[in-house]
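The lines below spell out each chain.
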Amino acid sequence: MTLFRRLVLLVAALTCLPATALAAEVKTFAVAPFTVHGPEKYQYLSQGVQSMLESRMNWPGHLAPMDKAKAGAKLAKAPASEAEAKKTAAELGVDFLAYGSVTISGEQASVDIMVVGRDGKKWPKSLSAKIADLIPAMERTAQALNNEIFQRPSQAASGSQGGAPGSQLNSDFVVNQTGADGQKAYLNPSFRYAGPTETAGVWRSQSMPLVSRGIAIADFNGDGQQEVAILAQNSVEVFNYKDRQLMPIAKYATSPNLNLLNISAMDINGDGKAEIIVSTSYFKEPRSFILSLEGNKLTELYKDIKLYLNVAAVAPDFNRQLVGSKGETKELFLPGVHNVIFAGGQPQLSTRLPLPTKANPFNFAYLPEKSGYKVIINDDQDRIVVYTAKGERIAATEEQYCGSAIGLEYDPLMAPMEKPKTDHLWTYYYIPLPMIVANLDKDDRYEVLVSKNISLAAQFFETFRTFSQGEIHALYWDGVGMNLLWKTRRIKGTVTGYALADIDNDGQKEMVVCLNTWPGAAGVYARRTIVLAYKLDASGMSQPGEFGIDKEAGE
């Protein structure tokens, strides 16, 4: 028999086989909501643990979760017994069903997990951890279940196998090493901050002789191109991106008595041009102003606004709106953040936003979800606190984010008529850097972009806020807490602001980071400003025209 005839017969035989014989059988599973024994405020863990376990058990090509929409009422609650669990698994037609309970006692959480197979086999697992450590504990337990039941190789082992490197992200980002199966990390964990100084996908501006406090990017002159506004210590300066550098357009100098706090941008009058909104304080009282770019000159549209102002995407529509609040000497902010309208020639407070008590115009963001939204607050200790839409606190990070060096003096214990002495020890509230909510990967989960400044001295001295290096982290809500999705490599310098914007006007948004150089504690007066831009389009990482660091820029 000739080789050709053998091949023909082999192909004919294969086409007669059922599809299931040609591919490995994919098992199915379902996870029921967990029963929560504890205070009402922890009931969110019922669906949180369910969602987290479902995502960790998912193994493409081997084990797939059942569509919840098809499950209907059969997965509305946890099975009351093992027999009921087996019955539910049979009714759903899945190979495995996971269910269990969470018991809360003080700051401790105990989780009991049971996985039953349609054939009657069962695999119990238990874990105990502090509530703040529940996520990594669940990670370990889910991995143990995967190994025990499905003989799934660990991520460390599977990651050592050969294959083409991943290209989902800009190579200057470091992915979370506890991420989804199949996600490729770009660095050996031992060298996660290593990397070439000239990285494709990153652009760096020239070094500019100013000390920055924030950045805003928008079309300020109506020409269809994005301009860059940088908030300095005593000025607002506007640039445009040209020939791979930031070219100055206009400058607005401010009084040295003003403490410049925050910069944002929005088209407040509908003329097709974004205005620059700057919040400041004047001897512990709010003073804001709004600028318009006319040609190469910044002019005042509104000044001496006795409000703290900012721009935020407000639920439920998540449209960008001008928000603000009044100031208060002892507590800095009067309770309540309001929409701001223009009436009588000046901005006025309007509807109060549904936010937790500690919210102010600078420290909150709405995080959209399928069923509504969460509210995230950056608290006085630079930790991100998560609230439900009803204002119930449900989680907080241990890590500190969004820290800045822009402080406001206040003393809540000072008597109303008392005047401070020259050596009075003030308490400081530091205006946080923004929490940018975005959906960069276009899935059903939003990310929160935040800065993480890094300084050994800042861990011991509360008022030491000049950081020598930092990172940008992308966090996401995983049902239990805020978890890391990816982060940039270590950035040398103090991060002072960041934005998602099309800085080079190529039709695609970049992640733009503004920073002050760090010449050492003895040389803080020699600090200068540099702007970085990270490409976010993974598909274009090796295409012509992408960002590369200009060897001659900035020195």
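This structure is a prediction, so every number in the text was calculated from the model and none was measured. (Residues numbered from 1 in each chain as written. Predicted model: local features only at pLDDT ≥ 70, side-chain atom pairs only at ≥ 80, totals over all residues. Heavy atoms only, no water.)

Chemist: Just checking my understanding: could you explain the pattern of salt bridges for this structure?
Modeler: Between side chains of opposite charge, a pair can form when the charged atoms approach closely. Scanning the entire structure with this criterion turns up 13 salt bridges. Of the charged contacts in the structure, one is a salt bridge between Lys273 and Glu294, with a shortest N-O distance of 3.0 Å. With Lys273 in the loop between β13 (258-266) and β14 (275-282) and Glu294 in strand β15 (residues 285-294), this pair connects stretches of sequence that are 21 residues apart. Here Lys273 falls in the buried class, since its relative accessible area comes to 13%. With its nearest N and O atoms 2.9 Å apart, the salt bridge here joins Lys374 to Glu369. The buried category is assigned to Lys374, whose relative accessible area is 12%. Residues participating in the shared-partner salt-bridge network are Asp504, Asp506, Glu510 and Lys535. (Salt bridge = Lys/Arg side-chain N within 4 Å of Asp/Glu carboxyl O. Helix = DSSP H or I, 4+ residues; strand = E, 2+ residues; numbered from the N terminus. Buried < 20%, exposed > 50% of the residue type's maximum accessible area, 1.4 Å probe, protein only.)

Chemist: I keep staring at the sheet that holds strand β9 (residues 212-218) and nothing clicks. Help me out?
Modeler: What holds strands together in a sheet is hydrogen bonding between their backbones, with the strands either parallel or antiparallel. Spatially, the 4 strands line up as an open sheet ordered β9-β10-β11-β12, and their pairing is antiparallel. A single partner strand is all that each edge strand has here, and the edge strands are β9 and β12 (245-253). Adjacent strand axes in the sheet meet at a mean angle of 25 degrees when their direction is disregarded. (Pairing = 2+ DSSP bridges. Axes fitted to C-alpha atoms, helices over the stretch in contact; angles between N-to-C directions.)

Chemist: Any chance you could explain the confidence of the model for the protein here in plain terms?
Modeler: Low pLDDT means the predicted coordinates in that region are not meant to be read closely. For the protein, mean pLDDT is 80; residues scoring 70 or higher make up 77% of the total. Ignoring residues within four places in sequence, the model shows residues 177-198, a span with pLDDT below 50, making 41 contacts including any to other chains. (pLDDT = per-residue confidence, 0-100. Contact = heavy atoms within 4.5 Å.)

Chemist: How should I be thinking about the environment of Thr466 in this particular structure?
Modeler: Note that Thr466 resides in the loop between β30 (447-454) and β31 (469-477). Here the alpha-carbon distance between Thr466 and Ser404, two residues 62 residues apart in the chain, equals 8.0 Å. When neighbours within four sequence positions are excluded, Thr466 is seen to be in contact with Thr494, Trp518 and Arg527.

Chemist: Can you walk me through the packing of aromatic side chains in this structure?
Modeler: Remark: the centre distance and the inter-plane angle together describe each pair of aromatic rings, the angle taken between the planes. Under the counting rule described, the total for this entry stands at 13 aromatic pairs. Relative to Tyr429, the ring of Phe333 lies with its centre 5.8 Å away and its plane at 85 degrees, an arrangement referred to as edge-to-face. Note that Phe333 is positioned in strand β20 (residues 332-333) and Tyr429 in strand β28 (residues 427-430), a separation of 96 residues in sequence. On the accessibility criterion, Tyr429 (6% relative accessible area) is buried. Within the aromatic cluster, the residues linked to one another by ring pairs are Tyr308, Phe333, Phe362 and Tyr429. Cation over ring: Arg445 sits above Tyr476, and NZ or CZ is 4.0 Å from the ring centre. (Phe/Tyr/Trp six-rings, centres within 6.5 Å; stacked < 30°, edge-to-face > 60°. Lys NZ or Arg CZ within 6 Å of the ring centre and 35° of its normal.)

Chemist: Just checking my understanding: could you explain the packing of helix α3 (residues 45-57) against helix α6 (residues 134-150) for this structure?
Modeler: Packed helices, taken two at a time, are described by the angle their axes make and the gap between the axes. Close contact between α3 and α6 brings their axes to 10 Å; oriented N to C, the two are set at 45 degrees. As judged from the angle between their axes, α3 and α6 are oblique. In the packing of α3 onto α6, the handedness of the crossing is right-handed. Between α3, through Leu45, Val49, Met52, Leu53, Arg56 and Met57, and α6, the contact on the second element is made entirely by Leu134, Ile135, Met138, Glu139, Ala142, Asn146 and Phe150. Along the lines of polarity and charge, the residues of the contact of α3 with α6 split into 10 nonpolar, 1 polar and 2 charged. (Parallel < 35°, antiparallel > 145°, perpendicular 65-115°, else oblique. Left-handed = near helix turned anticlockwise from the far one by under 90°. Nonpolar A, V, L, I, M, F, W, Y, C, P; charged D, E, K, R; others polar.)

Chemist: Hey, could you run me through the sheet that holds β13 in this one?
Modeler: Strands sit in the order β13-β14-β15-β16 across an open sheet of 4 strands; the sheet is antiparallel. The open sheet terminates on both sides in strands that have one partner only, identified here as β13 and β16 (297-305). In this sheet, neighbouring strand axes are inclined to one another by 25 degrees on average, regardless of whether the strands run parallel or antiparallel. As paired elements, β13 and β14 share 8 bridges and run antiparallel to each other. Of the residues in β14, the one forming a bridge with Ala265 is Ile276.

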